[in-house]
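Chain by chain, the residues run as shown.
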Amino acid sequence: MFHGDFPVEYRLYTPGAEMDWHVDTVLYSPRPQYELVYTLSNDSDATTQWVTPDGKTHTQHMEPNSLLVLRAGGALHRVTPTTRGSRGILKALMRASVARTDAWYDCASTYSSAVGEAAKKKAARKSLRSAR
């Protein structure tokens, strides 16, 4: 297994945040690819739900210092809306292959443009500060 070539992400979910029902996108071929969600903190009322192959929905409140591992292209899952508290996670992926799917390029270009926009905003703020 290899670490994916996307950076580990920190995400903070506060009231109003949620992750709608989805299946993680397969970015590498051949499979498997695993999405790892490590819960750093969680005093929220949000829960993680997933559907098993037999159609049953399961619900779990993810405690701090817990790890959820999902196979990309596998289980339909979501995080219910947060109405109180917050939840901080680290998200990473592991892959068995270095061969990228077309979806990898779609995701990478989205990530790259977001990074580019952030860099442009940072440069603009720096320029404004130095002009004062």
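The preceding data block contains the structure.
So, how was this worked out
- Residues numbered from 1 in each chain as written.
- Predicted model: local features only at pLDDT ≥ 70, side-chain atom pairs only at ≥ 80, totals over all residues.
- Heavy atoms only, no water.
- Pairing = 2+ DSSP bridges.
- Helix = DSSP H or I, 4+ residues; strand = E, 2+ residues; numbered from the N terminus.
- Phe/Tyr/Trp six-rings, centres within 6.5 Å; stacked < 30°, edge-to-face > 60°.
- Buried < 20%, exposed > 50% of the residue type's maximum accessible area, 1.4 Å probe, protein only.
- Lys NZ or Arg CZ within 6 Å of the ring centre and 35° of its normal.
- Axes fitted to C-alpha atoms, helices over the stretch in contact; angles between N-to-C directions.

### Quick word on the pairing of strand β6 (residues 57–60)
In summary, the side chains of a regular strand alternate between the two faces of the sheet. Here strand β5 (residues 48–51) runs beside β6; their pairing, made up of 4 bridges, is antiparallel. Within β6, the residue paired with Thr 48 across the bridge is Gln 60. Linking β5 to β6, which pair antiparallel, is a turn of 5 residues; within it Gly 55 sits at a positive phi near 90°.

### Considering the packing of aromatic side chains
Considering all chains together, one arrives at 2 aromatic pairs under this definition. With a centroid separation of 4.9 Å and 75° between ring planes, the pair formed by Trp 104 and Tyr 105 is classed as edge-to-face. Trp 104 gets classed as buried once you look at its relative accessible area, which sits at 11%. Here the aromatic cluster, defined as three or more aromatic residues joined through ring pairs, consists of Phe 6, Trp 104 and Tyr 105. Seen from the ring of Trp 104, Arg 100 lies directly overhead, with NZ or CZ sitting 3.8 Å from the centre.

### Some details on the sheet that holds strand β8 (residues 77–79)
Taking strand neighbours across the sheet as the criterion, the 4 strands line up as β3-β8-β5-β6 in an open arrangement whose pairing is antiparallel. What marks the edges here is a single partner per strand, and that holds for β3 (19–22) and β6. Between one strand and the next, the sheet's axes are offset by a mean angle of 15°, whatever the strand orientation. Bridge analysis of β5 against β8 gives 3 bridges, and the strand direction is antiparallel. In the sheet register, Trp 50 faces β8, and the bridge partner there is His 77.

Such coordinate-based values are descriptive only and should not be taken to indicate function.
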